[in-house]
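Structure assessment
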Amino acid sequence: MMKLTDKFGRVHDYVRISLIDKCNLNCIYCNPSNSLVRYEANSSILSYEELYRLISIFVKDLGVKKIRFTGGEPLIRKDVIKFFEMIYPLKKQYGFEIGITTNGAQLTDKIESLKSLGVDKLNISLDTLNSRKFIAITGKDLFYRTVTAIEKAVALNFKAVKVNMVVVKNINDEELTDFVEYFKSYPVELRFIEYMPFTGNQWDDSKFLSWKEMKARIEEKFVLNEIESDGKVSKDFLVEGENLKLGFISSISDHFCDSCNRLRITATGKIKNCLFANPSELSLKSLLSGESTSDETIINFILNSLNSKRMKHPGANELTKLNQNNMMSIGG
Ligand code: SAM
């Protein structure tokens, strides 16, 4: 089978697809309520039929082993369960792994269906354990919904449940050890993410905490023992004396581009070969909707886009200057 290999020999077997470029939360670091970023009209996002075709090409012809659905908030897309029903036969036939990244606010009533439709892994975003601060960070009073969703995910025995915390200095960095304390009895993995600059999110150095600083804060209270990281994307540790694994995502202070195996598809069907690259000029949408377009043409389009992938993304200062690079449309 053909593989998605770039110029530097990196094999891409992991695709992240944004299901929608809208969110029900206004997280200050991602989708601030005063953001000027415009979203596409619904009609320009990939339809479920187009997504089905794209996914089948990835898993059947291009050796993709893992697909993660994200957004925006993937679970606010209309009839999202029907979409997972549509792709379930593909999952059964080709055996790829399915993950979802979600803020959890709309998860609880869908979680059993998602589990029975082959979703393996859930990443749930939670940046604070304080319900009032949750409102300050997200603009919505939905803390308990997210926490309930985490509880339910744990009870349903997904292959993995990760809790993602974006750490922003003077906003939630004081809660690092609280997170470890709170989750140490849960079978979840904690992931502390460095705050990244995106268009309109008012990133600046003074709000940034590197993974090493986060680790040092946690080590004031806990002993961390380094372990081999699965995908080499995070720096992983076990908390001594506890059953808790935690990882740091160091995209800014120590990028992990040399082991990058990811390709991203925006909600409108553009290919992003790096979180910080310009998306492909053309969208896959017109190709996927045209019945006369062969799979080979679509495969060539994907390969061409991968071919322009850079060895590594620029540093934080360059990233702050990028236009129209917002998490909502990319799919984080
Ligand atoms: N709505 C979903 C959620 O909240 O998980 C999925 C989309 S969200 C863009 C995906 C991930 O990107 C979340 O874990 C979120 O916390 C993270 N994220 C968003 N903006 C970020 C930023 N500026 N720096 C680091 N991580 C960010």
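For the structure itself, look to the data block above.
Now for a look at the structure at hand. Remember, it's a predicted structure, so these values are computed and weren't measured experimentally.

A few words now on the pattern of salt bridges. Tallied over the full model, the rule gives 19 salt bridges. With a shortest N-O distance of 3.1 Å, Asp173 and Arg217 are connected by a salt bridge. Here the residue Asp173 occupies a position in the loop between β5 (160-167) and α6 (176-183), and Arg217 occupies one in helix α7 (residues 211-219), the gap between them amounting to 44 residues. Look at Arg217 and you get partly exposed, because its relative accessible area is 27%. Sharing partners across several salt bridges, the network here consists of Arg53, Lys60, Asp61 and Asp295.

Remark: helix α1 (residues 48-61) packs on helix α9 (residues 295-307), axes separated minimally by 11 Å, with the N-to-C direction vectors making an angle of 80°. Of the possible angle classes, the one that applies to α1 and α9 is roughly perpendicular. Between α1, through Arg53, Leu54, Ile57, Phe58, Lys60 and Asp61, and α9, the contact on the second element is made entirely by Asp295, Ile298, Ile299 and Ile302.

Further remarks concern the packing of aromatic side chains. Counted according to the given criterion, the structure contains 16 aromatic pairs. Note on Phe69 and Phe83: the rings are 5.4 Å apart at their centroids and 90° apart in plane angle, and the pair reads as edge-to-face. Residue Phe69 is located in strand β2 (residues 66-71), and its partner Phe83 is located in helix α2 (residues 80-94); the two are separated by 14 residues in the primary sequence. Accessibility classification places Phe69 together with Phe83 in one group, the buried group. A ring pair is formed by Tyr182 and Phe183, whose centres lie 4.8 Å apart and whose planes are at 75°; its orientation type is edge-to-face. Owing to a relative accessible area of 1%, Phe183 belongs among the buried residues under this scheme. Across from the ring centre of Tyr14, 4.4 Å away, lies the NZ or CZ of Lys66, which sits over that ring. One residue, Lys115, lies across the ring of Phe158, its end atom 5.4 Å from the ring centre.

Turning next to α1. Taking 1.5 Å as the rise per residue, α1 with 14 residues should run 20 Å; its terminal C-alpha atoms sit 19 Å apart, in good agreement. Extensive coverage of α1 is indicated by the burial of ten of its 14 residues. The set of residues buried in α1 consists of Tyr48, Glu50, Leu51, Arg53, Leu54, Ile55, Ser56, Ile57, Phe58 and Val59. At the C-terminal side of α1, Gly63 shows a positive phi close to 70°.

Moving on, we get to the site of the ligand. Around the ligand sit 20 residues, and of these Tyr29, Gly72, Glu73, Ser125 and Met196 come closest. Separating a nitrogen atom of the ligand from a side-chain N or O atom of Glu73 is a distance of 3.0 Å. Between the ligand and Asn201, the relevant distance is 3.2 Å, taken from a nitrogen atom to a side-chain nitrogen or oxygen of the residue. Against a free-state accessible area of 540 Å², the protein chains account for coverage of 95% of the ligand. Taken together, the residues of the shell around the ligand sort by class into eight nonpolar, ten polar and two charged.

Right, let's talk about α9 for a bit. The periodicity of an α-helix, 3.6 residues per turn, causes residues three or four positions apart to be oriented the same way. End to end, α9 covers 18 Å across 13 residues, agreeing with the expected 18 Å (1.5 Å per residue, within 8%). For α9, the full list of buried residues reads Ile298, Ile299, Phe301, Ile302, Ser305 and Leu306. All buried residues of α9 project into a common sector of 160° when viewed along the axis, lining one side. Counted as exposed and oriented over 90 degrees from the buried face of α9: Glu296 and Asn304. Considering only its buried residues, α9 is in contact with α1, β10 (262-265), β11 (271-272) and α8 (285-289).

So, how was this worked out
- Here the residue numbering is sequential within each chain, running from 1 through the sequence in written order.
- The predicted origin of the model limits local features to residues at a pLDDT of at least 70 and limits the giving and counting of side-chain atom pairs to 80 or more, whereas totals for whole chains, interfaces and linings rest on all residues.
- Side-chain metrics rest on all non-hydrogen atoms present in the structure, leaving aside hydrogens and water.
- Here a salt bridge means any side-chain nitrogen of Lys or Arg lying within 4 Å of a carboxyl oxygen belonging to Asp or Glu.
- Numbering of helices and strands starts at the N terminus; helices are DSSP runs of H or I of at least 4 residues and strands are runs of E of at least 2.
- Here's how the labels work: a residue is buried when its accessible area is under 20% of the maximum for its type, exposed when over 50%, partly exposed in between, all with a 1.4 Å probe on protein chains only.
- Fitted lines through C-alpha atoms give the axes, limited to the stretch in contact for helices. The angle between two N-to-C directions lies from 0 to 180 degrees.
- For classification, angles of less than 35 degrees are called roughly parallel, those exceeding 145 degrees roughly antiparallel, those between 65 and 115 degrees roughly perpendicular, and all remaining angles oblique.
- Contacts between residues were defined by any pair of non-hydrogen atoms, one from each residue, lying within 4.5 Å.
- Two rings from Phe, Tyr or Trp (for Trp, the six-membered ring) form a pair when their centres sit within 6.5 Å of each other. Planes less than 30 degrees apart are called stacked, planes more than 60 degrees apart edge-to-face, and all others tilted.
- When the NZ atom of lysine or the CZ atom of arginine is within 6 Å of a ring's centre and also within 35 degrees of its normal, the charge is said to sit over that ring.
- For a helix, the expected span equals 1.5 Å multiplied by the residue count minus one.
- It suffices for a single heavy atom of a residue to lie within 4 Å of a molecule or strand for the residue to be listed as near it.
- Residues adjacent in sequence count toward polar contacts only when both atoms are side-chain atoms; beyond that, a polar contact is any pair of N or O atoms within 3.5 Å, and within protein one must be able to donate a hydrogen and the other to accept it.
- Every accessible area reported is derived by Shrake-Rupley at a probe size of 1.4 Å, with residue values counting cover from the shown protein chains alone.
- When residues are sorted by character, Ala, Val, Leu, Ile, Met, Phe, Trp, Tyr, Cys and Pro go into the nonpolar class, Asp, Glu, Lys and Arg into the charged class, and all the rest, Gly among them, into the polar class.
- Comment: arc refers to directions from the helix axis out to C-beta atoms.

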